[in-house]
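Now for the letters of each chain:
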Amino acid sequence: LPAPADRGLSICDIRLRSLNLRERLLFENPDSPPPCHAMTHWVLILEDDRDCAEMVKKEVAAIGASGVVVESIARFKEAYATFQPGLLILDVLLGNEDCGAAIDFLAGRECPAPIVLLSGLDIRLSQFMATLAKDKGLRAAAVIDKRDALPRLRPELLRHLSDR
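Remember, it's a predicted structure, so these values are computed and weren't measured experimentally.

K.L.:
Sorry, what's going on with the pairing of strand β6 (residues 114-119) here?
P.N.:
A regular strand places its side chains so that they alternate between the two faces of the sheet. Along β6, six of the six residues are buried, which leaves the element largely enclosed by surrounding structure. In β6, alternate side chains face the same way, and those of P114, V116 and L118 on one face and I115, L117 and S119 on the other are all buried. For strand β3 (residues 87-91) and β6, the ladder comprises four bridges, and the chain directions are parallel. In the sheet register, I89 faces β6, and the bridge partner there is V116. Sheet topology places β6 next to strand β7 (residues 139-145); six bridges connect them, and they run parallel. Bridging from a neighbouring strand, L117 pairs with V143 of β7.

Take a look at the structure:
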C-alpha cells in the first residue's frame, strides 16, 4: 500500500518521487515526458540534428504520444534506464559515431521496444544497423531515409504505438 502522502498519486508519480537527484534533473527538462504518461506511449528519440529532432517530436505529439529527444549516447542510456520507452527512434550517425553503441546497450538490456532507424546518408548503413539490431535480438521495425521521413514516420508511429 502507498504511504499516506502518496495516496491519490499515480504509480508514475510515486516512482518519480523516488528518483535520485541525477535522474530527477534529467526529467525536469521541458522536453521530458509527463511523469504520469503511459510509458508505452513514450518515444525516446536519439537525434543530433535539431531540425530533424523537432520534426520527429512533432509527429510523435501529433499522434498523442510523448517524445523526448537526446543528442548523445550517454544521455540516451540515462533516459532509457529511467523510463523504458514504448518505441525508439535512432539516428544512424551521430557526429563521428554511429548508433552501434546504442544497439549494443539495448541488446544488453533485452529491449522489447521496436526501433526505427533514421539516416540522411546512404540507406545501406541504416539497413546494416537494422540487421545488426535483429542479429542481437532487437525489434528493428523500420529504416527511414530522413529525406522522405515525413510521409513515412507517422504510419510507423501509429503501427507501433496504437496497439499499446
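K.L.:
Whenever I open this one, the side chain of H160 confuses me. Can you help?
P.N.:
Locating H160 in the fold gives a position in helix α7 (residues 149-161). Using a relative accessible area of 7% as the deciding quantity, one classes H160 as buried. A polar contact is formed between the side chain of H160 and the side chain of E156, at a distance of 3.1 Å.

K.L.:
How do you make sense of the nonpolar core when you look at a structure like this?
P.N.:
Here is a general trend for soluble globular proteins: nonpolar side chains tend to be buried in one another's company. Formed by 30 residues in total, the largest nonpolar core has its most connected members in F76, L88, L90, L106 and L117. Only β1 (42-46), β2 (66-70), α4 (73-82), β3, α5 (100-108), β6, α6 (123-135) and β7 provide two or more residues apiece to this core. Ignoring anything within four residues of it in the chain, the contact list for L117 reads L90, V92, C99, S126, M129, A130, A142, V143 and I144. Listed in part, the 19 residues of the second largest apolar core include V56, L153, L157 and L161.

Reading the values: rules and limits
- Residues numbered from 1 in each chain as written.
- Predicted model: local features only at pLDDT ≥ 70, side-chain atom pairs only at ≥ 80, totals over all residues.
- Heavy atoms only, no water.
- Buried < 20%, exposed > 50% of the residue type's maximum accessible area, 1.4 Å probe, protein only.
- Helix = DSSP H or I, 4+ residues; strand = E, 2+ residues; numbered from the N terminus.
- Pairing = 2+ DSSP bridges.
- Polar contact = N/O pair within 3.5 Å; in protein donor to acceptor, adjacent residues only side chain to side chain.
- Core = buried A, V, L, I, M, F, W, Y, C linked by side-chain atoms within 4.5 Å.
- Contact = heavy atoms within 4.5 Å.

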